[in-house]
Amino acid sequence: AARGATYRFEQMKSKPEKARPALRRLTFGIDDKNALRLAAAGLEQGLAIAHGVSLARDLGNLPGNVCTPTYLASAARDLAQHYRMKFTVLERAQMEKLGMGALLSVARGSVQPPKLIVLEYRGGPAGQRPVALVGKGVTFDTGGISIKPAAGMETMKTDMSGAAAVLATMSVLKELGVRHKVVAYAPLVEN
């Protein structure tokens with residue numbers, strides 16, 4: 001909660017706002033060694049989750065001309081390298097061969113190339129069946145713009161929030177010590 005309260009998205013500002021007071025200290029009163037150990041572990045988990053939430057919020061706050069399918073695929077590749085996950089990206093030609101007509105149809109509304117990213121976290125034993133996460137990544141949706149009201153059009157960039165949530169979830173698995181296989185799929189298009 002403390003990290004969320006201090007979150008600010010200022011990446012796109014040419015002149016950052018006047019500095020706000022920073023949270024400098026958070027004090028917990030613990031008088032038991034076992035409780036202290038549990039509190040320290042809880043703090044580490046909380047920080048990992050807060051980091052993931054900030055990542056999802058940062059991606060969701062980026063404008064559609066920056067946070068394209070290619071940008072998100074690059075962010076996923078960086079996560080995979082940092083957290084040692086397997087990364088795969090399917091490009092348009094591969095999707096055509098696989099018959100992914102629905103995804104490709106949505107992508108026809110833009111010159112931005114579609115991507116389908118797959119991240120694999122291997123925290124479980126070899127034979128374990130993975131948990132699958134799927135997050136929609138429509139980075140900007142102008143589809144049907146002639147029937148959409150102009151008010152709120154800027155929020156069409158948030159159609160990629162599912163993909164952002166999936167990437168954020170994958171970013172915290174190792175830090176949380178999750179002992180299960182998890183595979184994330186994020187189809188990414190602009191329309």
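Note: the structure precedes this text.
The rules behind the values
Residues numbered from 1 in each chain as written. Predicted model: local features only at pLDDT ≥ 70, side-chain atom pairs only at ≥ 80, totals over all residues. Heavy atoms only, no water. Helix = DSSP H or I, 4+ residues; strand = E, 2+ residues; numbered from the N terminus. Buried < 20%, exposed > 50% of the residue type's maximum accessible area, 1.4 Å probe, protein only. Contact = heavy atoms within 4.5 Å. Areas by Shrake-Rupley, 256 points an atom, 1.4 Å probe, with all protein chains shown as cover. Patch = residues over 30% accessible without salt bridge, like charges linked within 9 Å, V, L, I, M, F, W, Y side chains within 5 Å. Salt bridge = Lys/Arg side-chain N within 4 Å of Asp/Glu carboxyl O. Axes fitted to C-alpha atoms, helices over the stretch in contact; angles between N-to-C directions. Parallel < 35°, antiparallel > 145°, perpendicular 65-115°, else oblique. Nonpolar A, V, L, I, M, F, W, Y, C, P; charged D, E, K, R; others polar. Polar contact = N/O pair within 3.5 Å; in protein donor to acceptor, adjacent residues only side chain to side chain.

K.L.:
Go over the overall build of the chain, please, and point to the residues and values.
P.N.:
Counting its secondary structure elements, the chain contains 6 helices and 5 strands. Each of the 191 residues in the chain was classed as buried or not, and the buried ones make up 33%. Long-range contacts, defined as pairs at least 24 residues apart, comprise 77% of the intrachain contacts of the chain with a sequence gap of at least 6. In the form shown here, the chain has an accessible surface area of approximately 11900 Å², with 57% of it arising from carbon and sulfur atoms.

K.L.:
Pulling in residues and values, what's your account of a nonpolar patch on the surface?
P.N.:
Together, F28, I30, L36, L43 and L47 make up an exposed nonpolar region whose accessible area comes to about 460 Å². Mapped onto the secondary structure, F28 falls in the loop between α1 (2-5) and α2 (33-61).

K.L.:
Describe the packing of helix α3 (residues 69-83) against helix α6 (residues 161-176), and please don't skip the residues or the numbers.
P.N.:
It is at 10 Å that the axes of α3 and α6 come closest, and there the two elements cross at 5°. For the element pair α3 / α6, the angle class is roughly parallel. Between α3 and α6, the residues in contact are L72, A76, L79 and Y83 and L167, S171, K174 and E175, respectively. In the contact of α3 with α6, the residues fall into 5 nonpolar, 1 polar and 2 charged.

K.L.:
I'd like to hear about the environment of K115, residue by residue, with values.
P.N.:
Topologically, K115 is positioned in strand β2 (residues 115-122). With 47 residues separating them in the primary sequence, K115 and T68 have C-alpha atoms 9.8 Å apart. Here K115 is in contact with P69, T70, A73, V89, L90, E91, M95, A186, P187 and L188, once residues within four sequence places are set aside. Here the side chain of K115 touches E91 through a polar contact of 2.7 Å, side chain to side chain.

K.L.:
Outline unusual backbone geometry, listing residues and values.
P.N.:
In this structure, R84 is a non-glycine residue whose phi angle is positive, near 55°. Taking the relative accessible area as the measure of exposure, R84 reaches 73% and is therefore exposed.

K.L.:
A description of the pattern of salt bridges should follow, citing residues and the corresponding values.
P.N.:
According to the stated counting rule, one finds 3 salt bridges in the structure shown. K86 is the salt-bridge partner of E120, the closest N and O atoms lying 3.8 Å from each other. You can see E120 sitting in strand β2 and its partner K86 sitting in strand β1 (residues 86-90), a full 34 residues away along the chain. A salt bridge links E120 to R122; the shortest N-O distance between them is 3.8 Å. Members of the salt-bridge network, linked through shared partners, are K86, E120 and R122.

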